[in-house]
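Structural overview
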Amino acid sequence: MKRPTHGGNLAWAASLASCPSSLILDFSASINPLGPPKSALAAIESGLQDLVAYPNPSYYQLRVSLSQLHPTLDPDWILPGNGCAELLTWVCRELAQLEETFLVTPAFSDYQRALKAFAGKVREHLLGLGVVGCPIPIPQSPIPKMVGLLLNNPHNPTGHLWDKEEIEPYLEQFALVVVDEAFMDFLPPDQQQSLIPMVQEYPNLVILRSLTKFYSLPGLRIGYAIAHPERLQRWQQWRDPWSVNTLAVAAAKAVVQDTEFQQKTWAWLKSARSQLFQGLVQLPGLQPYQSAANFLLVQSEQSSSLLQEKLLKRSRILIRDCLSFPELGDNYFRVAVRTQLENQQLLEALSRILS
Ligand SMILES: Cc1ncc(COP(=O)(O)O)c(C=O)c1O
């Protein structure tokens, strides 16, 4: 079986570990271990009776529910999609019409997939991983051409969070600025650095959000874009009219109101991330990076793919090698933050291999 490029490929992991995939402890996909919330499961169950009808292609009720998360926004500024990944496709169709797109790397591999699909021209700008403050590696000087910018905040795979003030000047310089905020909801509202409050002022700004990571629903596929209504209506013309299924609509409407689950997640992440970080720092040959998200990038003296293989074979634990981020290569891996008990299992398994 081929080495996967995304996290969460349990079939591949299970074949290496020689066990059923249900026995793999998965640190490779950055999914909230507290979920899915009961509210989502209940909504899916009662949504089953609606499967006999097509969803309403305007997704109006869902857009109203999502606008409750972002009270300054009218529902017309929101477009739900089949995961953030679907909306990435449509925004990349627009980016591909520009002369080129500046991409901060290392980057989520789907950006290249979506830009390539429309023959978009990409110019990569490498992030200085060791550089203090981790500045966005793009000069804030006039950009002479019709150029787009695709950024991810907090950034995958480093977990770095840029202040919105660091991104704001680019809105004046680029023809189109896309900020993928797939992991922003893991920050409590008072710590988020979302550009959503600026979207009404800047028609060249598009924000992408995911509901699959925070609410542990990657198999259901649900995300949304926030942008000028004219742009979103254009995407709606391009795409399949029913790209968000009935059960995803039901679950999304329920989870956005689930403040108890949200509070529980914010409380868990703060302490579990710190526990995992402290544990990793103490292991020989490992150097984790500070992260604002629910995963940690770790620099490793040992080959990460070898470490991954040993963890699978000895402990049935799957970590994410960083081979799909070519700028990082084999001396980095990424781990999701899981429950304190599971984090401890990972730390002990790593310790047995490294000590
Ligand atoms: C940075 C980033 N954006 C978007 C996505 C896709 O999210 P979704 O499951 O909502 O399609 C991922 C998934 O790994 C991601 O890492």
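Criteria and thresholds
Numbering of residues starts from 1 in every chain and runs along the sequence as written. Where local features are concerned, this predicted model is filtered to residues with pLDDT of at least 70; where side-chain atom pairs are given and counted, the filter is 80 or more; whole-chain, interface and lining totals use all residues. Side-chain measures were taken over the full set of non-hydrogen atoms in the model, leaving aside hydrogen atoms and water. With axes taken as lines fitted to C-alpha atoms, and helix axes fitted only over the stretch in contact, angles between N-to-C directions fall between 0 and 180 degrees. We count a stretch as a helix when DSSP gives it H or I for four or more residues in a row; a strand needs E for two or more, and each element gets its number in order from the N terminus. Note that the term roughly parallel is reserved for angles under 35 degrees, roughly antiparallel for angles over 145, roughly perpendicular for angles of 65 to 115, and oblique for everything else. Handedness of a crossing follows from how the near helix is turned relative to the far one, being left-handed for an anticlockwise turn of less than a right angle and right-handed for a clockwise one. Throughout, a residue-residue contact means that at least one pair of heavy atoms, one from each residue, lies within 4.5 Å. When residues are grouped by polarity, Ala, Val, Leu, Ile, Met, Phe, Trp, Tyr, Cys and Pro land in nonpolar, Asp, Glu, Lys and Arg in charged, and all others, Gly among them, in polar. Being near a molecule or strand, for a residue, means having at least one of its heavy atoms within 4 Å of it. We call two N or O atoms a polar contact when they sit within 3.5 Å, provided that within protein one can donate a hydrogen and the other can accept it, with sequence-adjacent residues counted only if both atoms are side-chain atoms. When DSSP finds two or more bridges between a pair of strands, those strands are recorded as paired. Start and end points for every domain follow an automatic or database-based domain assignment. Buried area is a sum: the accessible area each of two parts loses on coming together, probed at 1.4 Å, counted once for each and added. Each helix should span, by expectation, one fewer than its residue count multiplied by 1.5 Å. The buried label applies to any residue whose accessible area, calculated with a 1.4 Å probe on protein chains only, is under 20% of its type's maximum; exposed applies above 50%, and partly exposed to all values in between. Think of the arc as the fan of directions from the helix axis to the C-beta atoms.

Between helix 3 (residues 60-69) and helix 9 (residues 246-255), the least distance of the axes is 9 Å, while the angle of their chain directions is 25°. The orientation of helix 3 with respect to helix 9, classified from their angle, is roughly parallel. Helix-helix and strand crossings are classified by hand; for helix 3 and helix 9 the assignment is left-handed. Along its contact with helix 3, which presents Q61, L62 and S65, the element helix 9 presents V249, A252 and K253. Here the contact of helix 3 with helix 9 is built from residues that sort into 3 nonpolar, 2 polar and 1 charged.

All right, on to the site of the ligand then. Taken together, 14 residues sit near the ligand, with C84, D180, S210, K213 and R221 positioned nearest. The separation between an oxygen atom of the ligand and a polar main-chain atom of C84 is 2.8 Å. Contact between the ligand and S210: an oxygen atom at 2.7 Å from a side-chain N or O atom of the residue. For the shell around the ligand, the per-class residue count stands at 6 nonpolar, 5 polar and 3 charged.

Before going further, it helps to examine the sheet that holds strand 6 (residues 176-180). What links the strands of a sheet is backbone hydrogen bonding, and the strands pair in either a parallel or an antiparallel sense. One open sheet accounts for 7 strands, arranged 2-8-7-6-5-3-4; its pairing is mixed. Since the sheet does not close on itself, it has two edges, and those belong to strand 2 (78-81) and strand 4 (122-126), each with one partner. Here the average twist between neighbouring strands, direction ignored, is 20°. Both strand 3 (residues 100-105) and strand 5 (residues 147-152) contribute to a ladder of 4 bridges, which runs parallel.

Moving on to the domain arrangement of the chain. What the domain assignment lists for the chain is domain 1 (10-36 + 260-354) and domain 2 (53-257). Taken residue by residue, the interface counts 24 residues in domain 1 and 30 residues in domain 2. Here domain 1 packs against domain 2, burying approximately 2,200 Å² in sum over the two surfaces, 69% of which is carbon and sulfur. If you look at where domain 1 meets domain 2, you find 10 residue pairs in polar contact (both at pLDDT 80 or more). Those elements giving two or more residues to the side of domain 1 that touches domain 2 turn out to be helix 10 (259-281), strand 10 (295-300) and strand 13 (332-336). Of the residues forming the side of domain 1 that touches domain 2, the biggest block, 6 residues, is contributed by helix 10. A per-class count over the side of domain 1 that touches domain 2 returns 14 nonpolar, 8 polar and 2 charged.

Further remarks concern helix 12 (residues 340-354). For helix 12, which comprises 15 residues, the first-to-last C-alpha distance of 21 Å matches the rise-based estimate of 21 Å (1.5 Å per residue) to within 8%. Every buried residue of helix 12 is accounted for by E342, N343, L346, L347, A349, L350, I353 and L354. Looking straight down helix 12, one finds that the buried residues subtend no more than 165° of arc, so they occupy a single side. Turned more than 90 degrees off the buried face of helix 12, the exposed positions are L341 and R352. Buried residues along helix 12 sit in contact with strand 1 (25-26), helix 10, strand 9 (286-288), helix 11 (304-315), strand 11 (317-318) and strand 13.

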